[in-house]
Amino acid sequence: MKTPLVVGNWKMHGSCAEARTLTGCIRQGTGALRTVEVALAPPFTALSTVATILKRGNLRLAAQNVHWEEAGAFTGEISPKMLRDLGCRYVIVGHSERRHLFHEDNRTIAKKIAALLRTELGPILCVGETLKERDKGTTVRVISRQVLSALKGLPKNGIGKITFAYEPVWAIGTGRNANPDQITHVHSRIREILKGLLGKAKATNCRILYGGSARPENAGELAGTPEVDGLLVGGASLRAEGFLKIIREFSRSWRGQSLEE
Ligand code: PEP
């Protein structure tokens, strides 16, 4: 049975002192929680601070980006090995801000995923359509292309280790989340692709998260949405109280559910 995953993406926010306080509050608030896996993705500058606090707890450390090479003359970049050394479990790849603001393409994203898998880090692959693509009716085509190009050439056991995050670009940071029907439609398509590649049992075990204006107020509905195996939370993960409420909503909704087909 898979455990839902809730990831807080702090983006480019916070000093080390702020990261310490936020992590401490989240750690205290999640206590002995076992029903939801929680990961925190602070900026690179705070990874070490957060890692120290998470050392003995259940919370996982995640990074927001990575380079695909192990080492070398790549000024300003961070390698998978460096992230593993700090205690990271997950790394977000292909976030729409990376794709749109920093022009990362599907080939770059595929290289990063392969490098993470070689280093035994769990990639969280973000995919999502722009509003223009949705309005044109090309959502499923865009998502399929993003997923398939990121997985190209990977062995089956590698694909099974990837967490997928459907994040419609128009929903990120806008206060406008996708509705349950839109989410289930896209998640089911991703699951179909995975079934074709891995077979039904392994595909069912892969987690597909939703991300885009998740908040304490809509977390209950998102947790109850078919095919949603967790959340990638941006803005709302920066306040401990709200983030904890999101986690609790997920825990309440998922407790006791059989997730097997
Ligand atoms: C994100 O950045 O991954 C995200 C989902 O942001 P927000 O929750 O702020 O929309």
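Structure: see above.
Residues numbered from 1 in each chain as written. Predicted model: local features only at pLDDT ≥ 70, side-chain atom pairs only at ≥ 80, totals over all residues. Heavy atoms only, no water.

Peer 1: How should the overall build of the protein be read in this particular structure?
Peer 2: A count of helices and strands for the protein gives twelve helices and eight strands. By residue count, 52% of the 261 residues in the protein fall in the buried class. Of the roughly 12400 Å² that the protein leaves accessible, carbon and sulfur atoms contribute 50%. Computed over 38 positive and 24 negative side-chain charges, the inter-centroid distance for the protein is 3 Å. (Helix = DSSP H or I, 4+ residues; strand = E, 2+ residues; numbered from the N terminus. Buried < 20%, exposed > 50% of the residue type's maximum accessible area, 1.4 Å probe, protein only. Areas by Shrake-Rupley, 256 points an atom, 1.4 Å probe, with all protein chains shown as cover. Lys, Arg positive; Asp, Glu negative; His and termini not counted. Charge placed at Lys NZ, Arg CZ, Asp CG, Glu CD.)

Peer 1: What's the story with the site of the ligand in this structure? I'm lost.
Peer 2: Lys-11, His-95, Glu-167, Gly-173 and Ser-213 are the nearest of the 14 residues found near the ligand. A distance of 2.7 Å separates an oxygen atom of the ligand from a polar side-chain atom of Glu-167. In the environment of the ligand, an oxygen atom lies 2.7 Å from a nitrogen or oxygen atom belonging to the backbone of Gly-173. Protein contacts shield 95% of the accessible area of the ligand, which totals 290 Å² for the unbound molecule. Its residues assigned to classes, the shell around the ligand comprises four nonpolar, eight polar and two charged. (Near = heavy atom within 4 Å. Polar contact = N/O pair within 3.5 Å; in protein donor to acceptor, adjacent residues only side chain to side chain. Nonpolar A, V, L, I, M, F, W, Y, C, P; charged D, E, K, R; others polar.)

Peer 1: What exactly am I supposed to notice about the pairing of strand β4 (residues 90–93) here?
Peer 2: Moving residue by residue along a regular strand, the side chains alternate between the two faces of the sheet. Burial of β4 is two-sided: the residues Tyr-90 and Ile-92 facing one way and the residues Val-91 and Val-93 facing the other way are all buried. Pairing between strand β3 (residues 60–63) and β4: two bridges, direction parallel. Of the residues in β4, the one forming a bridge with Ala-62 is Tyr-90. For the crossover from β3 across helix α3 (residues 80–85) to β4, the handedness is right-handed. Of the pairings in the sheet, the one linking β4 to strand β5 (residues 122–127) comprises four bridges and is parallel in character. Along β5, the bridge assignment pairs Ile-92 with Ile-124. (Pairing = 2+ DSSP bridges. Right-handed = clockwise from strand over helix to strand, strands pointing away.)

Peer 1: Help me out: how do you make sense of helix α7 (residues 139–151) in this one?
Peer 2: Each α-helix winds once per 3.6 residues, and so residues spaced three or four apart point in a common direction. Between its terminal C-alpha atoms α7 stretches 18 Å, which fits the 18 Å expected from 13 residues at 1.5 Å a residue. Phi turns positive one or two residues past the end of α7, at Gly-153, with a value near 80°. (Expected span 1.5 Å × (residues − 1).)

Peer 1: Would you take a moment to explain the packing of α7 against helix α9 (residues 180–198) for this structure?
Peer 2: Two numbers describe a pair of packed helices, the interaxial angle and the distance between the axes. Between α7 and α9, the least distance of the axes is 10 Å, while the angle of their chain directions is 35°. You can see that α7 and α9 cross each other, and the crossing is right-handed. Between α7 and α9, the contacting residues are Thr-139, Val-140, Ile-143, Ser-144, Val-147, Leu-148 and Leu-151 on the first element and His-185, Val-186, Arg-189, Ile-190, Ile-193, Leu-194 and Leu-197 on the second. (Axes fitted to C-alpha atoms, helices over the stretch in contact; angles between N-to-C directions. Left-handed = near helix turned anticlockwise from the far one by under 90°. Contact = heavy atoms within 4.5 Å.)

Peer 1: It is not clear to me how the pattern of salt bridges should be interpreted in this structure. Could you clarify?
Peer 2: Opposite charge on two side chains makes pairing possible when the charged atoms of those side chains draw close. Applying the stated criterion to the full structure yields 14 salt bridges. Between Glu-97 and Lys-11 there is a salt bridge; the shortest N-O distance is 2.8 Å. Taken together, the positions of Glu-97 in helix α4 (residues 96–101) and Lys-11 in the loop between β1 (5–9) and α1 (16–30) put the pair 86 residues apart, joining distant regions of the chain. Residue classification places Glu-97 among the partly exposed residues on the basis of a relative accessible area of 27%. On the basis of relative accessible area, Lys-11 is assigned to the buried category, the value being 18%. Residues Glu-249 and Arg-252 are paired through a salt bridge, measuring 3.6 Å at the closest nitrogen-oxygen approach. Of this pair, Glu-249 and Arg-252 both sit in helix α12 (residues 240–254), separated by three residues, roughly a single helical turn. Accessibility expressed as a relative area gives 52% for Arg-252, which makes it exposed. (Salt bridge = Lys/Arg side-chain N within 4 Å of Asp/Glu carboxyl O.)

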